[in-house]
Amino acid sequence: MMVNERYHSYILLEPLGDSLPQRRTSRHVHVSCLAYVVLAGLFIASVVLNIVHFVRSTHSPPAPLDDYQQLKLYPLLNESTIPSLSEDFWRSAAVVTTLYSDSYAPAVATLGHSLRLVHTSARLVLLYIPSKVSTEALCIATSSGFVAYPVERIPPPTHSHGMHEQYADQYTKLRLWSLDVLPDPITSLVYVDSDTLVLHNFDELFSLPYTFAAAPDVWLGQRGFTLEFNAGVLFLRPDSRLFNSMLAALEIARYPPGWAEQAFLNQYFATDVLRLPLAYNGNLVIKERTPNVWDSLQGEMRIIHYTMIKPFLSSDGKGMPLDRLEERVRAAAEELRGVYREEVLQWGDMWRETRRVYADRLRECIIR
Ligand SMILES: *[C@@H]1O[C@H](CO)[C@@H](O)[C@H](O)[C@H]1NC(C)=O
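Residues numbered from 1 in each chain as written. Predicted model: local features only at pLDDT ≥ 70, side-chain atom pairs only at ≥ 80, totals over all residues.

Concerning the nonpolar core
For step 1, the next point in the chain: Judged by nonpolar contacts, the single largest core of 75 residues is most densely connected at Leu99, Val108, Ala141, Leu189, Tyr191 and Ala214.
For step 2, the next point in the chain: The residues touching Ala141, leaving out its near neighbours within four places in the chain, are Leu99, Ala105, Val108, Ala109, Leu126 and Phe146. (Core = buried A, V, L, I, M, F, W, Y, C linked by C-beta atoms within 7 Å. Buried ≥ 20, exposed ≤ 12 C-beta atoms within 10 Å, placed from the backbone. Contact = placed C-beta atoms within 7 Å.)

This is the structure we're talking about:
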């Protein structure tokens, strides 16, 4: 009776089948089977979703520059749309580079010669930190036409822990914005790193209506072509008030300290930077990253930027005596699997020409 009642209530719940005790066992098996299947399903789904998420986070869709197809065969510029600027204008326009170490002096001399060859209309201005540069190095750097202006070093801000040591003087670059108060003021300028060479005239930059422009940065590996700009080539309009506001912002800005002034400038100009075509900052990284982008830039490249390899420094980054530079260029051409042979030799050719054209002045530099 008791037994029957128990089975009775059971049957009410599941009024099926004939051999009840047997059914009960098989139902238990069913339920736990189902639970295992659901758990296993959840586990597999979670593994799959994690893999998908991981792959997605490491594989973004191809950037146009990584999937480069040379579709546009039009020139970069229409020359007839460039306004002609007065002689007055050009007096306050400058191409500016910097010298913070003797080791870059031959690079600045070579850069100056390359600017002369393309008949740049602007003044050539070299900012240097007097305590860091010898008279001899300054003499070499200015031999081809740069006019030197001493500037006070701007030290890295207090929160610079983790900054790459070679950028310790680079905050001095901010002085560019203060050049409107020189006795002979500069009101627009193109800044070029001293590890660059000019291949074509870029006077058109001075007609930009903007106050700040730079070309996007490029990295090897996953980072690739970025939205951040490279601070090796800049167009800007000096403005002391902006300079002061920048110095004030320097102490409160949050940005990765490793890349020093470049990271700060990216943070400071954030939404307000005009993107320049890559032809204005032919960063050697592009060649290794996406060779056909590099190839397509060749005809239009204004400025080549020796980021990956410095043909004027020893392989451990030291300065070279002038009479050993050619030997160094030949060795540098074979470094990094010879990827940059052509560009390194191109720098070597320009240096040889610089040395020949300014031979007398360079000799005086060394004798003094
Ligand atoms: C350059 O611009 C001028 C004036 O706007 C135009 O007439 C000419 O066709 C353009 N040339 C090219 C090659 O696009």
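Digging into the UniProt feature "transmembrane region" (unreviewed entry) in the protein chain
For step 1, the next point in the chain: In the numbering used here, UniProt assigns the feature "transmembrane region" (unreviewed entry) to residues 33–55.
For step 2, the next point in the chain: Between the first and last C-alpha atoms of residues 33–55 the distance is 33 Å; the span itself is 100% helix and 0% strand. (UniProt positions renumbered as here; feature names shortened; annotations may be inferred. Helix = DSSP H or I, 4+ residues; strand = E, 2+ residues; numbered from the N terminus.)

Structural notes on the pairing of strand 4 (residues 188–192)
For step 1, the next point in the chain: Most of strand 4 sits out of view: 5 of its 5 residues are buried.
For step 2, the next point in the chain: Of the two faces of strand 4, the one holding Ser188, Val190 and Val192 and the one holding Leu189 and Tyr191 are both buried throughout.
For step 3, the next point in the chain: Two strands pair when backbone bridges link them, and strand 4 and strand 7 (residues 225–236) are joined in this way by 4 bridges, in the antiparallel orientation. If you follow Val192 over to strand 7, its bridge partner there is Val233. (Pairing = 2+ DSSP bridges.)

Some remarks on the packing of helix 10 (residues 325–334) against helix 11 (residues 341–357)
For step 1, the next point in the chain: Running from amino to carboxyl end, helix 10 crosses helix 11 at an angle of 170°, the nearest separation of the two axes being 8 Å. In terms of orientation, helix 10 and helix 11 fall into the roughly antiparallel class. Residues Leu325, Glu326, Val329, Ala332 and Ala333 of helix 10 pack against Arg341, Val344, Leu345, Trp347, Gly348, Trp351 and Arg352 of helix 11.
For step 2, the next point in the chain: When the residues that make up the contact of helix 10 with helix 11 are grouped by side-chain class, the tally is 8 nonpolar, 1 polar and 3 charged. (Axes fitted to C-alpha atoms, helices over the stretch in contact; angles between N-to-C directions. Parallel < 35°, antiparallel > 145°, perpendicular 65-115°, else oblique. Nonpolar A, V, L, I, M, F, W, Y, C, P; charged D, E, K, R; others polar.)

Focus: the sheet that holds strand 9 (residues 282–283)
For step 1, the next point in the chain: Across the sheet, 3 strands lie side by side as 5-10-9; this open sheet has mixed pairing. Edge positions in the open sheet fall to strand 5 (196–198) and strand 9, since each of these has one partner strand only.
For step 2, the next point in the chain: Where strand 5 and strand 10 (residues 303–305) come together, 3 bridges link them in antiparallel fashion. By the bridge assignment for strand 10, Thr196 is matched with His305.

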